[in-house]
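Chain by chain, the residues run as shown.
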Amino acid sequence: MPSASPDTRPDDTFESVIRFDGVGMRYGRGPEVLQDITFDLPRGSFQFLTGPSGAGKTSLLKLIYLAQRPSRGLIWHFGRDSSKLHRRELPDIRRRIGMVFQDFRTLDHLSVFENVALPLRVAGRKRKEYADDVAELIHWVGLGDKMDAQPQTLSGGEQQRVAIARAVVGQPELLVADEPTGNVDPAMARRLLRLFTELNRLGTTVLIATHDITLVRSLDVPIMSLADGRLNTGRRKASA
Amino acid sequence: MSEERLPPTAPEKSAPLLPADSGRDRPLFAVAAILVFLACLAALGARGAWTVSDGWIADLSGRMTVQIMPVDGRDAEADAAEAAALAEALPGVRRAVAGTRAEAEALLEPWLGGEGLPADLPVPLLVDIELAAADPASADDLTAALDAAGIPHRVDDHARWSEAVVRTARLARLMALGLLALIAGAAAAVIAFAARASLAARQSVVDALHLVGAQDGYIARLFERRFFVLGIRAGIAGAFFAFAIALLVTYGGPGQSEGFIPVWSFSLWDGAVLLLAPVLAGLIAALSARLAVANDLRARW
Ligand SMILES: Nc1ncnc2c1ncn2[C@@H]1O[C@H](COP(=O)(O)OP(=O)(O)OP(=O)(O)O)[C@@H](O)[C@H]1O
Ligand SMILES: [Mg+2]
């Protein structure tokens, strides 16, 4: 990575979607849960983020989708130094990131359809323009007959698929998924992984946090592994 | 994405993004309606104070009163008649009417009883003078004319009173307007407080909206719209009750009233008050909710 002030470059030519440089993070006045995290997510890459429970995977993703600020170090989003972002600019960055939360974060007073369509709606898109695409996506994740259901009436795996559909509906430049297959059977997990690789093939950068070893082994892609808040990068050969 | 069977239904209408919360909103509705009710009463009362004080001022400023002093050996009634004739002859006087002893006694009756006064008790007689609207005669003109005729008298041009009345009327108006401003301020504060509480209660919704890329303004507008509707509804209820009370006071109560009592008159002002109240309530609610939420959101990140 060249060191010449990357935050002044135009986004489109910037090869790094997300870049961490010496990042540390703590909650409130607690201990640092992330230390000296430095890595790059090149545009168009597909990577896993693994590590034992409590290692800091979710915390790292929070930094990526701008729900937390680092307590030290620098983070660039699409070539912009995030410490210099104005609050007004956060929504634009977030719209370029599709996020699958470990706890789904679906809205229980809205139907499955409304939940999936949410990113398009808040971006000001016309319902007529997106209704069919949203419905088709919901079918694709196998929830066609649950379109009008409330998320809390769905199984964990079904809710997870709602969360995934919502993350990808806006065709984000970066898809970040926190344990996206934690609640589904292996067949559905493969199907969802295919959705991610398909999106990646179409140009979306993908980062998946998981401790599902079979999932990690099913693809030959770079792996970042967190342990005790520190990062190791490597690559594990499929079925190694 | 793969072509599978096409969706049977994408739901037709968008659901509201903020979950309804009637349990929390109902007390707020009541408070807002009561405030609008009070504001309407204050506005109608202000109109009452306006009308009444205008009447007082008009009554006082077009008139003078001459008191004919009873002096031993003089015929007060004759003096009064002469004074009336002299006054009427002056330029700037439209009419002068001499009061009789009987009228003077009638005026004193509330204080002295109805038995009739001893005939030899001297009673000052009054000459009521109505001034011309243009170029009215002054108290000095009148005094000069009566002095010249040697009639013992005192001229009262009501200046002392009309000053006091004008001052009182101005004060009454200011009080009415101040009351309105205070109630509007209280309404705005209550709504701002409620909007913040509402925002806090829907924190998870707001977080989710933020995380899928909603602007602060977008979220503030959701609250703004909700509180606008609440304000309009509460405004209609409050204005309706104020109308009912005013009708009751006007037609069921003591009838003609003065000052701050909100009587109904089918005037433009009264109609405007009741029609504008819900709109203003809606706007105040929308504005303060928007500012409160925007302020709250800005403090984050
Ligand atoms: N909101 C919070 N406030 C304080 N500490 C937190 C908070 N969230 C997480 N932590 C702490 O940060 C550390 C990392 O948590 P994190 O959720 O990032 O782990 P994780 O790798 O995602 O774990 P899992 O695989 O179980 O989801 C943990 O020690 C946790 O206790
Ligand atoms: Mg986690």
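Rules used throughout
Residues numbered from 1 in each chain as written. Chains lettered and ligands numbered in written order. Predicted model: local features only at pLDDT ≥ 70, side-chain atom pairs only at ≥ 80, totals over all residues. Heavy atoms only, no water. Helix = DSSP H or I, 4+ residues; strand = E, 2+ residues; numbered from the N terminus. Buried < 20%, exposed > 50% of the residue type's maximum accessible area, 1.4 Å probe, protein only. Contact = heavy atoms within 4.5 Å. Areas by Shrake-Rupley, 256 points an atom, 1.4 Å probe, with all protein chains shown as cover. Lys, Arg positive; Asp, Glu negative; His and termini not counted. Charge placed at Lys NZ, Arg CZ, Asp CG, Glu CD. pLDDT = per-residue confidence, 0-100. Buried area = accessible area lost by both parts, 1.4 Å probe. Salt bridge = Lys/Arg side-chain N within 4 Å of Asp/Glu carboxyl O. Pairing = 2+ DSSP bridges. Axes fitted to C-alpha atoms, helices over the stretch in contact; angles between N-to-C directions. Near = heavy atom within 4 Å. Polar contact = N/O pair within 3.5 Å; in protein donor to acceptor, adjacent residues only side chain to side chain. Nonpolar A, V, L, I, M, F, W, Y, C, P; charged D, E, K, R; others polar.

Asker: What exactly am I supposed to notice about the overall build of chain A here?
Answerer: Each helix and strand in chain A was counted, giving 7 helices and 10 strands. In terms of overall dimensions, chain A has a C-alpha envelope of 50 × 45 × 35 Å along the principal axes. Taking all 240 residues of chain A together, 55% fall into the buried category. Partitioning the contacts of chain A with sequence separation of at least 6, the portion at a separation of at least 24 is 67%. For chain A, the computed accessible surface area is about 10300 Å², with 47% contributed by carbon and sulfur atoms. Each charge sign in chain A was given a centre, from 34 positive and 29 negative side chains, and these centres are 3 Å apart.

Asker: What is the right way to look at the confidence of the model for chain A in this model?
Answerer: Detailed reading of the predicted coordinates is not advisable wherever pLDDT falls low. The predicted model of chain A has a mean per-residue pLDDT of 88, with 91% of residues at 70 or higher. Under a pLDDT of 50 for its full length, residues 1-11 of chain A has, in the predicted model, 22 contacts with residues more than four places off or in other chains.

Asker: Would you mind going over the interface of chain B and chain A with me for this structure?
Answerer: At the interface, 35 residues of chain B touch 36 residues of chain A. At the boundary of chain B with chain A, total buried surface from both sides reaches about 3200 Å², with 61% on carbon and sulfur atoms. Here chain B and chain A share 1 salt bridge between them. Its salt-bridge partner being D216 of chain B, residue R87 of chain A comes within 2.5 Å of it at the nearest N-O pair.

Asker: What am I meant to see in the sheet that holds strand β1 (residues 63-68) of chain B here?
Answerer: Sheets are built from strands paired through backbone hydrogen bonds, the pairs being either parallel or antiparallel. Residue and element names in this part refer to chain B. Spatially, 4 strands are ordered β2-β3-β1-β4 in an open sheet, and the strand pairing comes out antiparallel. The strands lining the two open edges of the sheet, one partner per strand, are β2 (93-98) and β4 (153-156). Strand-to-strand twist of the sheet, defined as the mean angle between neighbouring strand axes without regard to direction, takes the value 20°. Of the pairings in the sheet, the one linking β2 to strand β3 (residues 125-131) comprises 5 bridges and is antiparallel in character.

Asker: Sorry if this is basic, but what is going on with the pattern of salt bridges here?
Answerer: If the charged atoms of two oppositely charged side chains come close together, the side chains can form a pair. With the rule as written, the count across this model stands at 22 salt bridges over all chains. The partner of E158 of chain A in a salt bridge is K146 of chain A, with the nearest N and O atoms 2.9 Å apart. You can see E158 of chain A sitting in helix α5 (residues 156-168) and its partner K146 of chain A sitting in the loop between α4 (127-140) and α5, a full 12 residues away along the chain. When its relative accessible area of 15% is taken as the criterion, E158 of chain A is described as buried. Taking the relative accessible area as the measure of exposure, K146 of chain A reaches 26% and is therefore partly exposed. Note that D296 of chain B and R196 of chain B form a salt bridge whose closest N and O atoms lie 2.9 Å from each other. Of this pair, D296 of chain B sits in helix α8 (residues 268-298) while R196 of chain B is found in helix α5 (residues 159-201), placing the two residues 100 residues apart along the sequence. According to the relative accessible area criterion, D296 of chain B is partly exposed, its value standing at 24%. On the basis of relative accessible area, R196 of chain B is assigned to the partly exposed category, the value being 34%. When salt bridges that share partners are traced, they join R63, R94, R95, D128 and E130 of chain B into one network.

Asker: Explain the site of ligand 1 here, please?
Answerer: All names here are of chain A. What surrounds ligand 1 is the set Y27, V33, P52, S53, G54, A55, G56, K57, T58, S59, Q102 and H211. Within the side chain of H211, one N or O atom sits 3.3 Å away from an oxygen atom of ligand 1. Calculation on ligand 1 without its partners gives an accessible area of 630 Å², and the protein chains cover 60% of this total. Residue composition of the shell around ligand 1, by class: 4 nonpolar, 7 polar and 1 charged.

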